[in-house]
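Understanding the architecture of this molecule
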Amino acid sequence: MSFRKEEKLNIHQSKLLELIAWIHENNGYKLYENRIVSSTYFDTYAFDMHVDSEEGSMPRKKIRIRSYSEDKHIQDKSSLETKVSSSEGRYKTSTNNFDLKRAMNIGIFDPLYGICTPKVRVSYNRSYYKIFNTRLTIDQDIRYKKINKLGYEVLGV
């Protein structure tokens, strides 16, 4: 586990080409090929994690299953991640050693929040750059799908 610094900025689509040009003009470069990132976020029945995040409470967590396919999560190609924000800093843990089917159908137990079930799936196209010794990612075409009580995606949401 290592602490990390992260800042998110909203760049208007009309300024995206200017940003990419600025990266290249300042000797930035593409780190990896673009890929689809897909995450299923878990929360309590009362959405306690979301409320804590909106209020800036600490400590707080985000629990998600992450994969790099828009279609569906696959056991050996997905990871269970927990992002923690505390007074000491932010860090993320990740494991591939978990039961995907059980997590999606029954949920995940967290010592701080209790039983957490899948609530929403977020997918987007991500580009990775390196500039001034900093990793910069650009996420585009963000899509959300609500997850129903049985762990299935609700289309059209």
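It should be noted that the structure appears before, not after, this text.
Residues numbered from 1 in each chain as written. Predicted model: local features only at pLDDT ≥ 70, side-chain atom pairs only at ≥ 80, totals over all residues. Heavy atoms only, no water.

**Looking at the pairing of strand E3 (residues 60-67)**
A regular strand carries its side chains on alternate faces of the sheet. Of all 8 residues that make up E3, 7 are buried, and the element is covered over most of its length. As paired strands, strand E2 (residues 29-43) and E3 are joined by 5 bridges and run antiparallel to one another. Within E3, the position partnered with Ser38 by the bridge is Ser67. Both E3 and strand E4 (residues 78-86) contribute to a ladder of 8 bridges, which runs antiparallel. Bridge assignment links Ile65 to a residue of E4, and that residue is Leu80. (Buried < 20%, exposed > 50% of the residue type's maximum accessible area, 1.4 Å probe, protein only. Helix = DSSP H or I, 4+ residues; strand = E, 2+ residues; numbered from the N terminus. Pairing = 2+ DSSP bridges.)

**Thoughts on the side chain of Ser86**
On the secondary structure map, Ser86 appears in strand E4. Of note is the side chain of Ser86, whose polar atom sits 2.8 Å from the side chain of Glu88. Not counting chain neighbours up to four residues away, the residues in contact with Ser86 comprise Met58 and Pro59. (Polar contact = N/O pair within 3.5 Å; in protein donor to acceptor, adjacent residues only side chain to side chain. Contact = heavy atoms within 4.5 Å.)

**Observations regarding the nonpolar core**
Counting residues in hydrophobic clusters, the biggest one holds 12 residues: Phe42, Met49, Ile63, Ile65, Leu80, Phe98, Leu100, Ala103, Met104, Ile108, Tyr113 and Cys116. Listing elements by their share of this core, those giving two or more residues are E3 and helix H3 (100-105). Element by element, the count of residues in this core is highest for H3, at 3 residues. In contact with Phe98, not counting residues within four places along its chain, are Ile65, Gln75, Ser78, Ser79 and Leu80. Formed by 6 residues, the second largest nonpolar core is a distinct cluster that contains Leu16, Ile23, Ile131 and Ile138. (Core = buried A, V, L, I, M, F, W, Y, C linked by side-chain atoms within 4.5 Å.)

**Some thoughts on the pattern of salt bridges**
Under the definition given, this model contains 6 salt bridges. Between Lys15 and Glu18 there is a salt bridge, with its nearest N and O atoms 3.6 Å apart. Given a relative accessible area of 43%, Lys15 falls into the partly exposed group. Among the ionic pairs, Lys61 bridges to Asp110, the shortest N-O distance being 2.6 Å. Here Lys61, found in strand E3, pairs with Asp110, found in strand E6 (residues 108-110); they are 49 residues apart in sequence, far enough to count as distant. With relative accessibility at 17%, the residue Lys61 sits in the buried group. The buried category is assigned to Asp110, whose relative accessible area is 5%. Salt bridges here are not isolated pairs; linked through shared partners, they connect Arg64, Glu81 and Lys92. (Salt bridge = Lys/Arg side-chain N within 4 Å of Asp/Glu carboxyl O.)

**Brief notes about unusual backbone geometry**
Look at the link from Met58 to Pro59: it is a cis peptide, with omega at -5°. Here Pro59 lies in the loop between helix H2 (48-55) and E3. Residues other than glycine seldom take positive phi values, yet Phe132 does so here, at roughly 50°. In this fold, Phe132 is placed in the loop between strand E7 (114-131) and strand E8 (134-147).

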